[in-house]
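Observations on the model geometry
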Amino acid sequence: MAVSPPPMLSGGLPFIGHIPEMMRNRDRLFKRGHKELGDLFAVKLGPMNVAVITGAEYNKQFYMETDKSLSMKEGYEFLRASFGELFFTASAETYYNQRPVLQEAFRRERMVGYLNAMNIEVQAWLDSLGDSGKVDLTAEMLKLTQYVAGHAFIGKDFRNELDDQFWEHYKAISEALELILPTNLPLPKFFRRDRARPKMVKTMSEVVARRKQNPGQYDDLISVLLQTPCKDGAPMDEQTIINLFIGLIFAGHETTAGQGAWLLALLMQHPEHLERVMAEVNEHVPHGADVTHQMMSKLEYTYWAVDETTRLRPSADVQIRTVHTPLAVGQYQIPPGWRVMVNAANSHMLESQFSDPETFDPARYSPERGEGKNPFAIVGFGGGMHKCTGMNFAKNEMVVIAAKLFQQFEVELLSDDLRVVAGNGANHPSPVWVKYKRKPSAS
Ligand code: HEM
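Every value quoted in this text rests on a predicted model; they were computed, and no experiment measured them.

The rules we used
Residues numbered from 1 in each chain as written. Predicted model: local features only at pLDDT ≥ 70, side-chain atom pairs only at ≥ 80, totals over all residues. Heavy atoms only, no water. Helix = DSSP H or I, 4+ residues; strand = E, 2+ residues; numbered from the N terminus. Rg over C-alpha atoms; globule rule 2.2 N^0.38 Å. Buried < 20%, exposed > 50% of the residue type's maximum accessible area, 1.4 Å probe, protein only. Lys, Arg positive; Asp, Glu negative; His and termini not counted. Charge placed at Lys NZ, Arg CZ, Asp CG, Glu CD. Expected span 1.5 Å × (residues − 1). Contact = heavy atoms within 4.5 Å. Core = buried A, V, L, I, M, F, W, Y, C linked by side-chain atoms within 4.5 Å. Pairing = 2+ DSSP bridges. Axes fitted to C-alpha atoms, helices over the stretch in contact; angles between N-to-C directions. Near = heavy atom within 4 Å. Polar contact = N/O pair within 3.5 Å; in protein donor to acceptor, adjacent residues only side chain to side chain. Donors = N, O, S within 2.8 Å, 3.2 Å for Na, K, Ca; no water. Salt bridge = Lys/Arg side-chain N within 4 Å of Asp/Glu carboxyl O. Phe/Tyr/Trp six-rings, centres within 6.5 Å; stacked < 30°, edge-to-face > 60°.

When helices and strands are counted, the protein chain shows 16 helices and twelve strands. Rg of the C-alpha trace for the protein chain: 22 Å, near the compact-globule value of 22 Å for 443 residues, within the 12% margin. Counting all 443 residues of the protein chain, 55% fall into the buried class. For the protein chain, the separation between the mean place of its 48 positive charges and that of its 53 negative charges on side chains is 3 Å.

Structure representation (structure tokens):
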């Protein structure tokens, strides 16, 4: 019978445990843990014990036990300070009450409007690049994914409704995300967050008010949130709608920007795969045309490249829960009060699941090879009930960006020392500098 807690990783310091090592490089810490102790080990972050798990079997247990013996609320407390009380930063009861509204916002039919916004904003970005030049794609993706989210969720007039100040405030909030330290310490970044939040809320209150006054004029995410009742039949209150909007921008912004930048970089680093992507793009998408849903369904290899990027460079590399009732995992028992973390980076590198796991190889998902079929082997978008609601949105956006960029430009990668930069919101690559030159439109 399972009675002892998971084995503690060596190297923890008195009182602070593994905090310094985690802050320096959590990927290296978790890789060391996996190498020393296997698929389940513990680290200590100050007073907190954290069980770190790897592999499809334990990942499945993590997702299936969520909202049962495992809770999301406390683990994501650091998000609550920035984004308020909603979905998984609230109680499971609140989450299940609000869930139908979220599902409505990402219904398949709504994706047509979102795809239209993606095409317009990606093309506008490409047009703004001129005929040739040099850019850092990591920084460009941060801006572009902001515009796509703004356009998709608020409509084509979003630049008037969400001015530059809004994004500055958003930046202050997002920079204050803090995985380890208490979020109420008297630190400058927390003061900046607390000054920025009310200003963002004010802008959003005005956005909501305009839709309430003229409901017929808008068909956007805010209108959906205003019109769709929760499970209990009551409408969402305005504060929750605002929190949800800001939360969605956060959930979809840096994650997609980071993974999008990696997708472009990995394709440039592997010209043989870029060639296969471009062969199918050029076959199905006329040069410079909008990428329609029908065309997208033909871009199989491009979607595999997106999946391979999720596996190799997951932007949401850790997901967190708190143990409420004792949880038996393998031969161990994780006690109440402990945190549990899924570590995507380790799970995605298991030789038992992936051949030659360090290699960027989109063809591994072809029906003949069939890798990654286990839904809990690749967990870059989570799993189970709370699996990312915006996954298709994000994947489509990355496909539109890659297809349009490489179809319209010759792009040469200049940075040769790319590395993962860990963020508290999401991981992203170090600057991806490229040289680009517009292709003649007939090519
Ligand atoms: C590459 C981009 C993205 C990545 C890597 C990503 C990753 C994730 C992960 C790992 C989770 C599960 C968290 C957990 O179980 O602890 C999640 C949940 C979620 N994501 Fe994403 N996400 C991305 C893009 C988006 C976008 C574009 C949106 C919406 C605009 C979005 C909205 C959400 C929401 C609402 C949830 C909560 C789902 C629930 O609790 O039911 N995400 N995401």
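We are not done yet, so read on.
On to helix α8 (residues 164-175), then. Under the 1.5 Å per step criterion, the end-to-end length of α8 is 16 Å for twelve residues, consistent within 8% with the ideal 16 Å. Among all positions in α8, only Phe166, Trp167, His169, Tyr170, Ala172, Ile173 and Ser174 are buried. Next to the buried residues of α8 lie α3 (77-83), α6 (137-154), α9 (188-213) and α11 (238-269).

In terms of nonpolar packing, the biggest core is built from 140 residues, with Phe153, Met204, Phe245 and Phe406 touching the most fellow members. With 17 residues, the single largest contributor to this core is α11.

Once that is clear, we can look at the sheet that holds strand β2 (residues 48-53). In spatial order, the strands read β1-β2-β8-β5-β3; together these five strands make up an open sheet with mixed pairing. Each of the sheet's edge strands pairs with one partner strand only, and the pair in question is β1 (40-45) and β3 (70-71). Examined bridge by bridge, β1 and β2 share six bridges and lie antiparallel to one another. The residue of β2 that forms the bridge with Leu45 is Met48. Taken strand by strand, helix α1 (residues 19-37) contacts β1, β2, β5 (318-323) and β8 (339-343), and its axis lies near 160° from that of β1.

Next up on the list: helix α12 (residues 271-284). A rise of 1.5 Å per residue sets the reference length of α12, with its 14 residues, at 20 Å; its end C-alpha atoms lie 20 Å apart and thus fit the reference within 8%. Residues of α12 that are buried sit in contact with α11, α14 (300-312) and α16 (391-408).

Now for the site of the ligand. The environment of the ligand is formed by 29 residues, the closest being Tyr76, Tyr95, Arg321, His386 and Cys388. The contact in question runs from an oxygen atom of the ligand to an N or O atom on the side chain of Arg321, over 2.8 Å. Side-chain polar atom of His386 to an oxygen atom of the ligand: 2.7 Å apart, as the coordinates give it. Of all the secondary structure elements, the ones that give two or more residues to the shell around the ligand are α4 (92-105), α11, β5 and α16.

This part is about the coordination of the iron atom of the ligand. When four donors bind a metal tetrahedrally, each ideal donor-metal-donor angle is 109.5 degrees, and when six bind octahedrally, the ideal angles are 90 or 180 degrees. Within the protein, a single donor atom binds the iron atom of the ligand, namely Cys388 (SG) at 2.3 Å. As for its placement among the helices and strands, Cys388 is situated in the loop between α15 (344-347) and α16.

When you line up the elements, Ser430 lands in the loop between β11 (428-429) and β12 (433-438). Those residues in contact with Ser430, other than ones at most four positions away along the chain, are Thr138, Asp417, Leu418, Arg419 and Val421.

Turning next to the sheet that holds strand β4 (residues 132-136). Taking strand neighbours across the sheet as the criterion, the three strands line up as β4-β12-β9 in an open arrangement whose pairing is antiparallel. At either end of the open sheet lies a strand with only one pairing partner, and these are β4 and β9 (409-413). With direction set aside, neighbouring strand axes in the sheet form an average angle of 25°. Two elements, β9 and β12, share five bridges in a ladder whose sense is antiparallel. Within the sheet, the bridge partner assigned to Leu413 lies in β12 and is Val434. Together, β9 and β12 form the strand contacts of α11, whose direction differs from that of β9 by roughly 85°.

It is possible for side chains of opposite charge to pair when their charged atoms get near one another. Enumeration over the complete set of coordinates arrives at 24 salt bridges. Between Arg26 and Asp317 there is a salt bridge, with its nearest N and O atoms 2.9 Å apart. Taken as a pair, Arg26 in helix α1 and Asp317 in the loop between α14 and β5 lie far apart in primary sequence, 291 residues in all. The same class applies to Arg26 as to Asp317, namely buried. Note that Lys143 and Glu140 form a salt bridge whose closest N and O atoms lie 3.6 Å from each other. Taken together, the positions of Lys143 and Glu140, both in helix α6 and three residues apart, correspond to about one turn of that helix.

How two aromatic rings sit relative to each other is set out by the distance from centre to centre and by the angle between their planes. As enumerated under the stated definition, the model contains 14 aromatic pairs in all. For the pair Phe106 and Phe393, a centre-to-centre distance of 6.4 Å together with 75° between the ring planes defines the contact as edge-to-face. On the criterion of sequence distance, the pair formed by Phe106 in the loop between α4 and α5 (111-128) and Phe393 in helix α16 is long-range, its members being 287 residues apart. Accessibility assignment for this pair places Phe106 and Phe393 in one class, buried. Considering the side-chain rings of Phe166 and Trp167, the 5.1 Å spacing of their centres and the 90° angle between planes classify their relative orientation as edge-to-face. No difference in accessibility class separates Phe166 from Trp167, as the two residues are buried.

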